[in-house]
Amino acid sequence: MPGPGNVGERVRNLRLTRRLSQAQLAGHDLSDSYISLIESGKRTPTPTVLRMLAERLGCTPEYLAEGVEPEQRAHLEVRERHAHLALLRGDPVTAEAGFDEVIARSDDPDLTARARWGRARALEALGRTDQAIALFEELREQAERDPGRASWLPPVIALARCYHAVGDLGQAIALGERAIERLGLLELSVGEEYTEAGRILLLAYVDRSEPARAHELGRRLLHPRDVPDEPTSVHYQQASKRALEEGTIGDALYLADQALAVRNDAAPAHARARLSLAAAKALLRGVTPFSAPIPSGTVPDGPNGFERPRPEGSREAAQEALALLDEATGLDEAETTESTIARARALVLVGELDEAIRTLLQFLDTGLALAAPEGTASVAPEPTGDVAARAQKTVLARLVLARARVAQGDPAAARLVLNAASEQLGTLHPGRPAAHLFRELGELFELVQDAESAASSYRRALEAAGLRAARPQAASRDLGRV
């Protein structure tokens, strides 16, 4: 633990422990009144005086100045790095415990800030998104108050991702656009930050039924123009220089670190793979193929006119999605599952039904999927964290499988799959993701001519989105006489 209080309190505590008087501690070099002023906090000792006092008190100058011995500081530095390594290898529980220890024991502002950032990432990975948002917001506010110490780009992008995850599309889009604008001012249109902010915006635009904006952004991300053909590290270095010239030291330091990191790092390739997955999902939600220009006469997204996406993409969009998914390699397990389901959906659209069904059945037979719950949905426990995410993906896989069965001309088989998906959907927490799944469930029940189940699914979609039917109320007067 750090030494208690400030420099003066540590000097006094150690002096009393050593049973020294102020005059004895002062010796021939200092006065006892000067020692008294130091202990009362009215004087701050110089480095030379600190070394003299530390020698007489049997400690190190670092302990007197900061309350932490060099060995303890080194231990915490190593602990923080080990926690980050645990996070990278997919062990957020161990990572959170490590970051908590560093935060509790460190009085180094930079080390504490890194640990708080890591803890926020661990909370996000554990599915405790609301807690992660609160911590990311604190980090963003701190970076905005002190731009000379830290960059606000990482917390802003992380917040956009978290707000999108919880369904707050307004915040996600506002923060994502703010990050893209800042990167534009720095003339940085490559790298992990630009790709991640763009990926989040692309998905948020699709979720908010703004396909024209999604298409325009997707074209810029996937087919950039006028970008110098230079290594990513050079782009980061140039952006760092621009930030330095404008006086935002925190951004300059962060971008310089990124320039060093990407020289021997696979992060840009992973970010590009995630972008390819997001673009493929957008195409399968009805966005125009990114290889084609925006059709003339298209009504732009906005308050005066919405171009709502089709429930499913076109055959051309599905073919482009398959090409993008071929590029999406090196994803983590959860994203690989999303890629598998997206590929099956694209295969259905291009008419390769047998391969789509084989892919989905193989996924549903593995441990990555969750079995449909037995009994009524009201009895099943509500899944959380990783279990909830797996349940959502399992439901989505069943919906795509039902769509393939419908395309095969087998409505009876499709209905069996839809009933299993409906039971599992009942265990999910209300919110935008569940609402989207219920809506697609309703569309598919319509295709198999089950009007009652379709109506129930649409009602449950509205309830998951937070809407409730008005309660019938008794009339307070005879309306026939009004």
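These numbers were taken from a predicted model, which means no experiment stands behind them.

Peer 1: Where do I start with the overall build of the protein chain in this structure?
Peer 2: When you go through the protein chain residue by residue, the secondary structure sums to 23 helices and zero strands. Counting across all 482 residues of the protein chain, residues that qualify as buried make up 46%. Pairs at least 24 apart in sequence give 66% of the contacts found in the protein chain among residues at least 6 apart. As presented, the protein chain carries roughly 24800 Å² of accessible surface, and 51% of it is formed by carbon and sulfur atoms.

Peer 1: Sorry, what's going on with the packing of helix α22 (residues 432–447) against helix α23 (residues 451–464) here?
Peer 2: Two quantities define a packed helix pair, namely the angle between the helix axes and the distance between the axes. Close contact between α22 and α23 brings their axes to 8 Å; oriented N to C, the two are set at 165°. One element, α22, and the other, α23, form an angle in the roughly antiparallel class. For the pair α22 and α23, the crossing hand works out as left-handed. Contact with α22, carried on its side by Ala434, Ala435, Phe438, Arg439, Leu441, Gly442, Glu443, Phe445 and Glu446, involves Ser453, Ala454, Ser457, Tyr458, Arg460, Ala461 and Ala464 of α23 and no other residues of that element.

Peer 1: Even after reading the chapter, I still don't get the pattern of salt bridges, so can you show me in this structure?
Peer 2: It is possible for side chains of opposite charge to pair when their charged atoms get near one another. For the coordinates displayed, the defined rule picks out 36 salt bridges. Of the charged contacts, one joins Asp100 and Arg119 as a salt bridge, the two residues approaching to 2.5 Å between their closest N and O atoms. Placement of the pair is Asp100 in helix α7 (residues 92–105) and Arg119 in helix α8 (residues 109–125), with a sequence separation of 19 residues. Judged by relative accessible area, Arg119 falls into the partly exposed class, the value being 22%. Bridged by salt links that share partners, the residues Arg121, Glu124, Arg161, Glu196, Arg199, Arg274 and Glu335 form one connected network.

Peer 1: I'm lost on the packing of aromatic side chains in this one. Help?
Peer 2: How two aromatic rings sit relative to each other is given by the distance of their centres and the angle of their planes. Counted according to the given criterion, the structure contains one aromatic pair. Just above the ring of Trp152 sits the side chain of Arg178; from NZ or CZ to the centre is 4.4 Å.

Peer 1: Help me out: how do you make sense of the nonpolar core in this one?
Peer 2: Ranked by internal contacts, the top residues of the largest apolar core, which has 104 residues, are Phe136, Leu202, Phe290, Leu399, Leu418 and Leu441. The dominant element in this core, judged by the number of residues it contributes, is helix α12 (residues 192–207), at nine residues. Mapping this core onto the domain boundaries places at least three of its residues in each of domain 3 (130–264) and domain 4 (386–471). Setting aside chain neighbours within four positions, we find Leu202 in contact with Ala214, Leu217, Gly218, Ala278, Ala279, Ala282 and Phe290. With 17 residues, the next largest nonpolar core counts Leu14, Ala54, Cys59 and Leu64 among its residues.

Peer 1: Looking at this structure, I do not really get α7. What am I missing?
Peer 2: Residues spaced three or four apart along an α-helix point in a common direction, a consequence of the helix completing one turn every 3.6 residues. In a regular helix each residue adds 1.5 Å, so 14 residues correspond to 20 Å; α7 covers 20 Å between its end C-alpha atoms and thus fits that length. For α7, the full list of buried residues reads Pro92, Ala95, Glu96, Gly98, Phe99 and Val102. Projected onto a plane normal to the axis of α7, the buried residues spread over an arc of 165° and lie on a single side. Relative to its buried face, α7 has exposed residues pointing more than 90 degrees away, namely Val93 and Ala104.

Peer 1: For this particular structure, what's the right way to read a nonpolar patch on the surface?
Peer 2: Residues Leu244, Ile249 and Leu253 make up a contiguous nonpolar surface patch of roughly 260 Å² in combined accessible area. Tracing the chain through its elements places Ile249 in helix α15 (residues 249–261). Given a relative accessible area of 32%, Ile249 falls into the partly exposed group.

Peer 1: What is the right way to read α15 from this model?
Peer 2: Helix length check: α15, at 13 residues, gives a terminal C-alpha distance of 18 Å against a target of 18 Å (1.5 Å per residue), a fit within 8%. Residues Gly250, Asp251, Ala252, Leu255, Gln258 and Ala259 constitute the buried set of α15.

Peer 1: What am I meant to see in the side chain of Ser339 here?
Peer 2: Checked against the element boundaries, Ser339 lands in helix α18 (residues 333–349). With near-sequence residues (within four places) excluded, Ser339 lies in contact with Leu277, Leu325 and Leu331.

Peer 1: What am I meant to see in the side chain of Glu137 here?
Peer 2: If you trace the backbone, Glu137 turns up in helix α9 (residues 129–145). You can call Glu137 buried: its relative accessible area is 13%. Excluding its chain neighbours within four sequence positions, the residues that come into contact with Glu137 are Leu159 and Tyr163.

Peer 1: Explain the environment of Leu16 to me, please; I cannot follow it from the model alone.
Peer 2: Along the chain, the position of Leu16 falls in helix α1 (residues 7–17). Given the relative accessible area of 43%, Leu16 is considered partly exposed.

Peer 1: Is there a simple way to explain the confidence of the model for the protein chain in this structure?
Peer 2: For any part of a model where pLDDT is low, the fine detail of the predicted coordinates should not be relied upon. Per-residue confidence for the protein chain averages 83 on the pLDDT scale, and 85% of its residues sit at or above 70. Below a pLDDT of 50 lies the segment residues 297–310, which in the model reaches 24 contacts outside its immediate sequence neighbourhood of four places, other chains included.

Peer 1: Which parts of the structure should I look at to understand the environment of Val287?
Peer 2: Counting through the fold element by element, Val287 comes out in the loop between α16 (267–283) and α17 (315–327). In the structure, Val287 is positioned 74 residues away from Arg213 in sequence and 9.4 Å away in space, judged by C-alpha atoms. If we skip the residues at most four places from it in the chain, Val287 touches Val206, Pro211, Ala214, His215, Ala282 and Ala317.

Peer 1: Please explain unusual backbone geometry as it appears in this structure.
Peer 2: It is generally the case that most residues other than glycine have a negative phi and that most peptide bonds are trans. Residues other than glycine seldom take positive phi values, yet Arg19 does so here, at roughly 60°. By the secondary structure assignment, Arg19 is in the loop between α1 and α2 (22–26). Here Arg19 falls in the exposed class, since its relative accessible area comes to 77%. You will see that Gln449, though not glycine, has its phi angle at about 60°, which is positive. Mapped onto the fold, Gln449 is located in the loop between α22 and α23.

Peer 1: I tried to follow the environment of Val11 on my own but got confused; where do I start?
Peer 2: Mapped onto the elements, Val11 comes out in helix α1. Since its relative accessible area comes to 0%, Val11 is described here as buried. Taking the C-alpha atoms as reference, Val11 lies 7.9 Å from Leu53; in sequence the two are 42 residues apart.

How each quantity is defined
- Residues numbered from 1 in each chain as written.
- Predicted model: local features only at pLDDT ≥ 70, side-chain atom pairs only at ≥ 80, totals over all residues.
- Heavy atoms only, no water.
- Helix = DSSP H or I, 4+ residues; strand = E, 2+ residues; numbered from the N terminus.
- Buried < 20%, exposed > 50% of the residue type's maximum accessible area, 1.4 Å probe, protein only.
- Contact = heavy atoms within 4.5 Å.
- Areas by Shrake-Rupley, 256 points an atom, 1.4 Å probe, with all protein chains shown as cover.
- Axes fitted to C-alpha atoms, helices over the stretch in contact; angles between N-to-C directions.
- Parallel < 35°, antiparallel > 145°, perpendicular 65-115°, else oblique.
- Left-handed = near helix turned anticlockwise from the far one by under 90°.
- Salt bridge = Lys/Arg side-chain N within 4 Å of Asp/Glu carboxyl O.
- Phe/Tyr/Trp six-rings, centres within 6.5 Å; stacked < 30°, edge-to-face > 60°.
- Lys NZ or Arg CZ within 6 Å of the ring centre and 35° of its normal.
- Core = buried A, V, L, I, M, F, W, Y, C linked by side-chain atoms within 4.5 Å.
- Domains from an automatic or database assignment.
- Expected span 1.5 Å × (residues − 1).
- Arc of directions from axis to C-beta.
- Patch = residues over 30% accessible without salt bridge, like charges linked within 9 Å, V, L, I, M, F, W, Y side chains within 5 Å.
- pLDDT = per-residue confidence, 0-100.

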